[in-house]
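# Architecture and fold: a report
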Protein chains: 2
Amino acid sequence: MEFQFLGTSAGTPTRRRNVSALALRSEGARHWALVDCGEGTQHRILRTPWSLNDLRAVFVTHLHGDHCYGLPGLLASAAMMNRTAPLVLAGPAPLRAFLEGVMATTGLGLPYALDFVEVGGTAASALPDHVMPDLAVAATALSHRVPSFGYTFTERRLERKLDPARLQAAGVARGAAWGRLQRGEDVVLPDGRPVRADDVLAPPRKARRVIVAGDNDRPELLLEEARSAEVLVHEATYTDEVLCRIGPGPQHSSARMTAAAAAAAGVPNLVLTHFSPRYQQHGALAMADLEEEARAAYGGRLFLANDFDRFQLDRDGVLHRLEDDAGKAGPAPAGAQAQR
Amino acid sequence: MEFQFLGTSAGTPTRRRNVSALALRSEGARHWALVDCGEGTQHRILRTPWSLNDLRAVFVTHLHGDHCYGLPGLLASAAMMNRTAPLVLAGPAPLRAFLEGVMATTGLGLPYALDFVEVGGTAASALPDHVMPDLAVAATALSHRVPSFGYTFTERRLERKLDPARLQAAGVARGAAWGRLQRGEDVVLPDGRPVRADDVLAPPRKARRVIVAGDNDRPELLLEEARSAEVLVHEATYTDEVLCRIGPGPQHSSARMTAAAAAAAGVPNLVLTHFSPRYQQHGALAMADLEEEARAAYGGRLFLANDFDRFQLDRDGVLHRLEDDAGKAGPAPAGAQAQR
């Protein structure tokens, strides 16, 4: 599984970080999912290999502007590229009212269907299978000023290998049957004996699982989901000190809170994002403060996301930040948009 | 008067051009006006000296997404910067419904008032004086798929000089009275004679006038306004050839159509913008085609706008494209946003 950050700033864009968006797909898949779509997400996508035509679904964590104001423009641009495939839009209820209101007042007609999937409730709930054919998706309710959710993406199609011992026990000689059994097909041998693929395949490896959470001041709400996940992507808007000064009103997590919850869940990879712009300027506060606070509470693999960072989760559950970043090394210089 | 393009692409952003927005102010003014606000306008503003706190009014030409989808995010960011001054939002009727719908569905509250000014009708109509204290603004109805307008900005406060011949004729000797008369105050001379400032000041120079038009397939609708203007900023979405191939449905102007109307009006400076992305890619079509077509029909000072281009209109009515571009030469490299 792999994912790329398209925005990592909280509330407003800065010169280096855009507001929230993350692209994700399973290994080798053409279709991809977008989690949140802050203003300017389509501009970010222009600098990556992700194609709007291959976008299968958008999962909106919550209906605050820095997580959804890029959606109308992204839909309009997909329309101008003559997209015809339906697009799944999953999120809390105001998502549909927001988009339908914008479309009605700005004359936006689309040549493709929008398939709205409303997420709600308080417990983790599975989304319909058609949403992402190669990924099972579940939504977990979080705690924020408006309904906010975390999305759990779990691999659905796991490759399996033939087990030599089981083949021998079943008396299946090397031949054409092996290929069909490997593909999961049951066969009838030349001597008339039926063999079920499930009986000769090795047990599947664990399905990889990635959680991408929305804004949330109670990261412990994800404890159950995170226990079986390899990766947790979660906000760390402030340090504890700044959170105390601001007070609980905005309902965000500190780096320490998020790190402590990840440690309690035993999730092996933690990626922090959604950083307050105050840490991105020159001054007394720095990204290093957030990192230091998180490291003190969490001993796993810790990352602080940057815009355009690409991550790959290998089959052993180890998350890697890719250095060879296609999002930054395209044919045009990365800063071309801001220049003539 | 000066203005800066923040977006010059039609319909969708490209790597080099964002969708429509233009910042404008009168000479020496702190407050400025924004004409249109496509998605990503606030990101562009981050790379210029324009401050959201000094933004006085936004004039929306029409309610298509590439001209207004940046507005909710810009309002939200101004709120996070603790703006308190009211903001004028002028545009056709759906503007208010669009914004109020977005605000209601996304929980956007603002710590400052929005002062909606609805533009409508078919003839050029003056907007209330309070909209821009230093600029008279009028809206002219254009022809597009939805109601679209061109905004005429005219200098309101003109400096005047004392006329030596008139001073002599009125018998006003050099002294303190000169300063007060220069400032427009009427005086009573030591010998008891009253002197009216208007009688000894030279006639004011012509007020500079700039028209910024929205999408429009009948540029001749601006003929009357353009006759007394120094600058016309108008779309030139395609060349004639491409417009013929696409047909009149989208209701845009070709470079030739715009140039011919500008020539008929005798406007001395013409700035083309809103270029179809097809001219921005490598291929058979190029920006040079648009320029060539316009030059063939217009003999005045012609410019094809680029994002971040700054223009200054001098007191003689000559428009200059500024080379020393503060929008591109800030302390951070122009491409910093797209890099780590």
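Analysis parameters
Here the residue numbering is sequential within each chain, running from 1 through the sequence in written order. Chains carry letters from A onward and ligands carry numbers from 1 onward, assigned in written order. Given that the model is predicted, a residue must reach a pLDDT of at least 70 before its local features are reported, and side-chain atom pairs must reach 80 or more before they are shown or counted; all residues, however, enter totals for whole chains, interfaces and linings. Calculated side-chain values reflect all of the structure's heavy atoms, with hydrogen atoms and water omitted. Within this document, salt bridges are pairs made up of a side-chain nitrogen of Lys or Arg and a carboxyl oxygen of Asp or Glu, the two lying within 4 Å of each other. Classification of residues uses two cut-offs on accessible area relative to the type maximum, computed with a 1.4 Å probe and protein chains only: under 20% is buried, over 50% is exposed, and between them is partly exposed. Numbering goes from the N terminus for both helices and strands, where a helix is a DSSP run of H or I of at least four residues and a strand is a run of E of at least two. For this analysis, residues touch if any pair of their heavy atoms sits within 4.5 Å. Between N-to-C directions, angles cover 0 to 180 degrees, with each direction set by a line fitted to C-alpha atoms, over the stretch in contact for helices. When an angle is under 35 degrees it counts as roughly parallel; over 145 it counts as roughly antiparallel; between 65 and 115 it counts as roughly perpendicular; any other value is oblique. Handedness of a crossing follows from how the near helix is turned relative to the far one, being left-handed for an anticlockwise turn of less than a right angle and right-handed for a clockwise one. Polar here means any residue outside two lists: the nonpolar Ala, Val, Leu, Ile, Met, Phe, Trp, Tyr, Cys and Pro, and the charged Asp, Glu, Lys and Arg; Gly therefore counts as polar. Confidence of the predictor at the level of single residues is captured by pLDDT, which takes values from 0 to 100. Pairing between two strands requires that DSSP report at least two bridges joining them.

Bringing the pattern of salt bridges into the picture now. Residue and element names in this part refer to chain A. Summed over all chains, the structure comprises 48 salt bridges over all chains. A salt bridge links Asp-163 to Arg-166; the nearest nitrogen and oxygen atoms lie 3.9 Å apart. Taking relative accessible area as the criterion, Arg-166 reaches 32% and is therefore assigned partly exposed. Here the residues in one salt-bridge network are Glu-27, Glu-155, Glu-159, Arg-205, Arg-208 and Arg-315, joined through shared partners.

This part is about the environment of A:Leu99. Residues and elements named next belong to chain A. Note on placement: Leu-99 falls in helix H4 (residues 94-105). Judged by relative accessible area, which is 1%, Leu-99 ranks as buried. Taking the C-alpha atoms as reference points, Leu-99 and Gln-4, separated by 95 residues in sequence, lie 25 Å from one another. When neighbours within four sequence positions are excluded, Leu-99 is seen to be in contact with Leu-71, Pro-72, Leu-75, Leu-89 and Phe-116.

Residue and element names in this part refer to chain B. Closest axis-to-axis distance for the helix H10 (residues 255-265)/helix H11 (residues 287-297) pair is 8 Å, and the angle between their directions is 30 degrees. The angle between H10 and H11 falls in the class roughly parallel. Judged by the sense of rotation from one axis to the other, the crossing of H10 with H11 is right-handed. Along the contact surface, H10 presents Ala-255, Arg-256, Ala-259, Ala-260 and Ala-263, while H11 presents Leu-290, Glu-293, Ala-294 and Ala-297. Class assignment for the residues of the contact of H10 with H11 results in seven nonpolar, no polar and two charged.

With 94% of its residues at a pLDDT of at least 70, chain A reaches an overall mean of 92. Below pLDDT 50 for its whole length, residues 325-340 of chain A participates in 48 contacts with residues either more than four positions away or in separate chains.

This part takes up the sheet that holds strand S15 (residues 301-304) of chain A. Residue and element names in this part refer to chain A. Spatial ordering of the open sheet is given by S7-S8-S9-S12-S13-S14-S15, a layout of seven strands whose pairing is mixed. The open sheet is flanked by strand S7 (125-126) and S15, the only strands paired with a single partner. Summarising the sheet, strand S9 (residues 149-155) and strand S12 (residues 209-213) pair through five bridges and their orientation is antiparallel. Considered in S12, the bridge of Phe-153 is made with Val-210. Across the sheet, helix H10 (residues 255-265) touches strand S13 (231-235) and strand S14 (269-273), and the angle it forms with S14 is around 160 degrees.

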